[in-house]
Structures are given as structure tokens and as C-alpha cells.
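# Coordinate analysis (summary)
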Amino acid sequence: MAEELHCIGCGVLIQTKDKDGLGYTPKAALEKGLETGDVYCQRCFRLRHYNDIADVSLTDEDFLRLLHEVGESQALIVHVVDIFDFNGSVIPNLPRFVAGQDILLVGNKKDILPKSVKDAKIKHWLLERAKEEGLHPLDVVLTSAKNRQSIKEVIEAIDHYRKGRDVYIVGVTNVGKSTLINAIIQEVTGTKDVITTSRFPGTTLDKIEIPLDDGSYLYDTPGIIHRHQMAHYLEAKDLRLVSPQKEIKPKTYQLNSDQTLFLAGLARFDYIEGEKQGMTGYFENGLLIHRTKLEGADAFYDKHKGDLLSPPRANQLADFPPLVRHELTITAKSDVVFSGLGWIRVAKPGKIAAWAPAGVGVLLREAII
Ligand code: GDP
């Protein structure tokens, strides 16, 4: 029997027979890969070279199996979350599977938050949010995997808390888990970009084992898809337009009640009741924010979605879910969060309505800033 080969990008088992299946690699490409020692599946090859994405989906059972495996291991669990999208990046039900196990929380994409916000404040905030989710991490470390900031601290914390045990790195897709593991490998070994990273959710397919020097392993697990992420409703091109790549410049709008802000055509914020106040938006710097009167907002959206209010673009409107209204009462300084898109900070009491595509989460939380 032939030796089993795994893609060095995502860890999937390589096969040359089923073109649409996981791990497919054309024979010729495989032979070439064997010569150079770099065997990639076609999906990772395309991702690396063309930023192209082939549709492959993992089943819910696979994720449950994975969580059970993690839960039964005696390992240290490193849960990577995206600081910018905390609620969209905690693994749903994780506490149920890992009760009593040691968890280290890593908050990634620190570079996106305004530099004026202190690390200690973000850490404390993350810890509070984690507790709300039923997670009780031993510690929180902040990092920016992309900019290779604080990678040493992450490695030191892992080493300190694992006490000779294996390590499982878990996270939903798009939190930057692959980027982080690549940065860790590079820091430790000096080798660049071994694991496939991309801006598209669901890139890491199978568990990847990275040997540690005391005979334990660091396991990179597949990214778990969080269905409430905005990312699942956007094409790659548009996702790039709404995902912050660098420090966000907050924008403040003095709003009276009966005014509306459109966040491109993706979401909407209505100020229904309350005194005039400054509302601060934390979104990708290039995201179009359009202010209008609440009264005509429905008609305005119908008329302009796909052109002035874009993304979504005109040719995508048929597939784009309708905006769903969530009415919220603000009592203390809070963030109104549009999962995966960003948030609006509201400082004073009032009543608002937040609209997001059906399926995308909206929530009210204690303000991060
Ligand atoms: P995974 O699905 O969790 O493995 O995520 P990836 O590592 O593929 O990263 C997803 C996206 O987030 C990519 O577009 C990365 O460039 C981006 N990303 C990863 N780490 C960081 C970071 O520290 N800061 C910022 N701004 N973006 C990041």
C-alpha cells in the first residue's frame, strides 16, 4: 500500500482520485510536490497562489468529534479568539466539552484596536466576556499574529501552562489561528509560512501535529465555522472590504433620535429614542457609513442597496439575506455589535434598533473602549 501523504498546508490526507473531495491533488502536481518535498492539496495550492477558494464543507459531526477529542485529552487548550469579533469567535458550547480543563485564552488581532486602548484593559474585558460564556481561562494573552507582535509571550505562556502536556489550539475560522501557528513555528524554527492562511473562513481542514521538544505535540485543529459570522454572507472580495486590516479609526456621529446610519448595505442602526449624543462607530476604515432620516430609511434602503449602499453589490442582492431588526434598550455605556462587522458605542441611555442580515448576530455588550 502506498504511504499516506498529508497536505503540508492544511493537514488533509492527499488523494488523487476524487476531484471534488477533500485532499484532491492532480497526479502531476503530486509528483512535482514529492520532488520538492512540498505536497499541497489542490485547494491549498490555489489558495496560496491565487487566493482562490474551492467549496469544501466539514460536517457538524466532524466538529463534535473534534471537540470530544479535545475534551478527553489531558492537554492544555489554547483558545484563539479575534478581539475585534469576540462573540463571533468563541466556540459555542466549548465549556460543555472542556469542563475542568486548563484553558489559555489568546486574543488575536490586537493591531486592529486603537493604540490608545491599554492591553490590561482589553485583557480584563476579554476575561469578563469569557466568564459570561462559561469559560474560565487560566490567563489571557494578547497578540497580533499578522504583525508578529507578542509571539514570544504566547509561546512562553503556552510553555508555562502546559506543564509537559500536549497542546490543542482551537478556534473558529478566520480568527487567525493558522497565522498564529505559522508565527509560532517561525519563531521557534525559522521556517516561513508552512500552514495555509487566508481571509476565507474554513481553510484549515484537518488536525496538524507539531512536535514539541519534550515529545509532546501541539495540535492545530480545524477552524470551527461560526454560522453567525458576517463572513459567510459575503464574497471574498467584499469580505476584504469590511474586515479591518489595520488600526481602526473610530468615527463619531452626533445623532438625534429619528436618525439612521447605514453601514454600507450590510447593516443599519436606528436611533429611536433618547437625547442627542455622540455615537462612535468601530468599523473597517473604508466601510461606507451613510446617515439619513429614520422616517425614509426603509425606502432609502430599497432604492439604494447594491449601488450607493454597497456591498452587497447589485448582482448579489438575490442571494443576500434580508436585514432583520433587533430593538435594544441602552441603560449604560454599551457596544451594539454587528457580528464580524464591528460595533457602535452608545454612551447614554436610549432606545435603538440594530439591523443585520438574517443569521448574523447582533448583541449588546459592555463597551470595550
Ligand atoms: P484561521 O481561519 O483562524 O486559521 O485564520 P487565518 O490565519 O487564515 O487568518 C484569517 C484572516 O485574518 C487573514 O486574512 C489574516 O491575514 C487575518 N489575520 C490573522 N492574524 C491577524 C492579526 O493579527 N491582525 C490582523 N489585522 N489580521 C489578522
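So, here is what we can say about the structure in this document. (Residues numbered from 1 in each chain as written. Predicted model: local features only at pLDDT ≥ 70, side-chain atom pairs only at ≥ 80, totals over all residues. Heavy atoms only, no water.)

A separate point is the sheet that holds strand 4 (residues 167–170). Overall, mixed pairing links the six strands, which are arranged 3-2-1-4-6-5 in an open sheet. Two strands lie at the open edges of the sheet, namely strand 3 (139–142) and strand 5 (208–211), each paired on one side alone. Averaged over all adjacent pairs, the angle separating strand axes in this sheet is 20°, with direction ignored. With four bridges joining them, strand 2 (residues 103–108) and strand 3 adopt parallel strand pairing. Looking at the pairing, Leu-105 lines up with Val-140 of strand 3. (Pairing = 2+ DSSP bridges. Helix = DSSP H or I, 4+ residues; strand = E, 2+ residues; numbered from the N terminus. Axes fitted to C-alpha atoms, helices over the stretch in contact; angles between N-to-C directions.)

Turning next to unusual backbone geometry. Going from Ser-310 to Pro-311, the amide bond is cis rather than trans, its omega being 0°. Mapped onto the fold, Pro-311 is located in the loop between helix 10 (297–304) and strand 12 (323–330). Cis peptide bonds are those with omega within 30 degrees of zero, and the linkage from Pro-311 to Pro-312 qualifies with 0°. As for its placement among the helices and strands, Pro-312 is situated in the loop between helix 10 and strand 12. A positive phi angle is found at Ser-150, which is not glycine, with a value near 60°. Relative to the elements of secondary structure, Ser-150 occurs in the loop between strand 3 and helix 7 (151–162). A relative accessible area of 18% means that Ser-150 is categorised as buried. (Buried < 20%, exposed > 50% of the residue type's maximum accessible area, 1.4 Å probe, protein only.)

Now for the sheet that holds strand 11 (residues 289–293). Backbone hydrogen bonds are what pair the strands of a sheet, in a parallel or an antiparallel way. Taken together, the five strands give an open sheet; going across it, the order is 11-8-9-15-12, and neighbouring strands pair in antiparallel fashion. Of all strands in the sheet, those with a lone pairing partner are strand 11 and strand 12, marking the two edges. The sheet shows a mean angle of 20° between the axes of neighbouring strands, taken without regard to direction. Of the strand pairs in this sheet, strand 8 (residues 259–263) and strand 9 (residues 267–273) are connected by five bridges, and their pairing is antiparallel. In the strand pairing of strand 9, Phe-262 is matched with Arg-268.

Let us now look at the nonpolar core. Of all hydrophobic cores here, the largest spans 59 residues; its most connected members are Val-78, Leu-104, Leu-126, Ile-158 and Trp-343. Taken domain by domain, the makeup of this core includes at least three residues from each of domain 2 (71–226) and domain 3 (251–366). In contact with Trp-343, not counting residues within four places along its chain, are Phe-84, Leu-113, Thr-280, Gly-281, Tyr-282, Phe-283, Asp-335, Val-336, Val-337, Arg-365, Ile-368 and Ile-369. Counting 39 residues, the second-largest nonpolar core is a separate cluster that includes Ala-267, Tyr-271, Phe-283 and Val-336. (Core = buried A, V, L, I, M, F, W, Y, C linked by side-chain atoms within 4.5 Å. Domains from an automatic or database assignment. Contact = heavy atoms within 4.5 Å.)

So, on to the environment of Lys-351. Of note, Lys-351 is situated in strand 15 (residues 350–357). With 94 residues separating them along the chain, Lys-351 and Ser-257 place their C-alpha atoms 8.8 Å apart. With residues up to four places along the chain from it excluded, the contact list for Lys-351 reads Asp-270, Tyr-271, Ile-272, Glu-273, Glu-327, Leu-328 and Thr-329.

Bear in mind that shape data such as this cannot, by itself, settle questions of function.
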